[in-house]
Amino acid sequence: MHCVSFFSGLAEYSIFAEVGERRYHGNFGWGLQLVAFLTYFVCIKNFYMSNFDYNYDNGWEQGKILAGWIILFLQFSFGIYYIVHLLTTAGQLF
């Protein structure tokens, strides 16, 4: 389902591409960004829900779950750090 959404966003971006001065404004690129966010959100939801189905007696399964939670925690931590950095440094990106 998300592949269909991705390709429809890509088709919108490709077909309705602007030319000239507004070419690099990315006005039709919002569809791809929205699909990327929704896919990420659904993946997080599926990861959370799949935690209830794993066999936690298996060490390999425990390692995969732990690695997934560590990666998710790091993504959220860096996102929060970036937002705080933007708010405290008057919009300087680096």
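Let us look at the structure shown here. It should be emphasised that the depicted structure is a prediction, and the values quoted were computed from it without experimental measurement. (Residues numbered from 1 in each chain as written. Predicted model: local features only at pLDDT ≥ 70, side-chain atom pairs only at ≥ 80, totals over all residues. Heavy atoms only, no water.)

### Brief notes about the side chain of Asn 51
So the rule is basically this: In this description a helix means any DSSP run of H or I spanning at least four residues, a strand means any run of E spanning at least two, and both kinds are numbered starting from the N terminus. Whenever a nitrogen or oxygen atom comes within 3.5 Å of another N or O atom, the pair is scored as a polar contact, on the condition that within protein one atom can donate a hydrogen and the other can accept it, and that pairs from neighbouring residues in sequence are kept only if both atoms are in side chains. Contact between two residues is taken to exist if any of their heavy atoms lie within 4.5 Å; hydrogens are not considered.
Inspection of the secondary structure assignment puts Asn 51 in the loop between helix H2 (30-50) and helix H3 (59-88). Among the polar contacts listed, one links the side chain of Asn 51 to the side chain of Trp 69, at a separation of 3.2 Å. Ignoring any residue separated from it by four or fewer positions in sequence, one finds Asn 51 in contact with Tyr 56, Ile 65 and Trp 69.

### As for H2
For clarity, the cut-off: By this rule, a helix spans an expected 1.5 Å times one less than how many residues it contains. Throughout, exposure labels follow a simple rule: accessible area from a 1.4 Å probe, protein chains only, divided by the maximum for the residue type, with under 20% read as buried, over 50% as exposed, and the rest as partly exposed. The reported arc concerns the directions from the helix axis to the C-beta atoms and nothing else.
Compared with the 30 Å implied by 1.5 Å per residue over 21 residues, the 30 Å span of H2 between its first and last C-alpha is a close match. Along H2, the residues that are buried comprise Gly 31, Val 35, Phe 47 and Ser 50. The arc that holds every buried residue of H2, seen down its axis, measures 135 degrees, which confines them to one face. The exposed set on the far side of H2, more than 90 degrees from its buried face, consists of Gln 33, Phe 37 and Phe 41.

### Quick word on the packing of aromatic side chains
Filter applied, for reference: Only centres within 6.5 Å qualify two rings of Phe, Tyr or Trp (six-membered ring in Trp) as a pair; their planes then separate them into stacked at under 30 degrees, edge-to-face at over 60, and tilted for everything else.
All told, the structure shown has three aromatic pairs when counted by the stated rule. Where Phe 37 meets Phe 41, the ring centres are 6.4 Å apart and the plane angle is 25 degrees; that geometry is what we call stacked. Here Phe 37 pairs with Phe 41, and both are found in helix H2, just four residues apart, close to one helical turn.

### Here we look at H3
Helical geometry: 3.6 residues make up each α-helical turn, so side chains three or four residues apart lie on a common side. Spanning 30 residues, H3 covers 43 Å between terminal C-alpha atoms, matching the ideal 44 Å at 1.5 Å per step. All of the buried residues along H3 are Glu 61, Ile 65, Leu 72 and His 85. In this structure, the buried residues of H3 make contact with H2. One or two steps after H3, the chain reaches Ala 90, where phi turns positive at roughly 55 degrees.

### Details of a nonpolar patch on the surface
The criterion, for reference: In this scheme, patches are assembled from residues that exceed 30% relative accessible area and form no salt bridge. Like charges are connected within 9 Å, while nonpolar side chains (Val, Leu, Ile, Met, Phe, Trp, Tyr) are connected within 5 Å. Per-residue and other accessible areas were derived by the Shrake-Rupley procedure at a 1.4 Å probe size, with only the shown protein chains allowed to occlude residues. When a carboxyl oxygen of Asp or Glu is within 4 Å of a side-chain nitrogen of Lys or Arg, the pair counts as a salt bridge.
On the surface, Trp 30, Leu 34, Phe 37, Leu 38 and Phe 41 cluster together to form a nonpolar patch covering roughly 540 Å² of accessible area. Within the secondary structure, Leu 34 is located in helix H2. Judged by its relative accessible area of 42%, Leu 34 is partly exposed.

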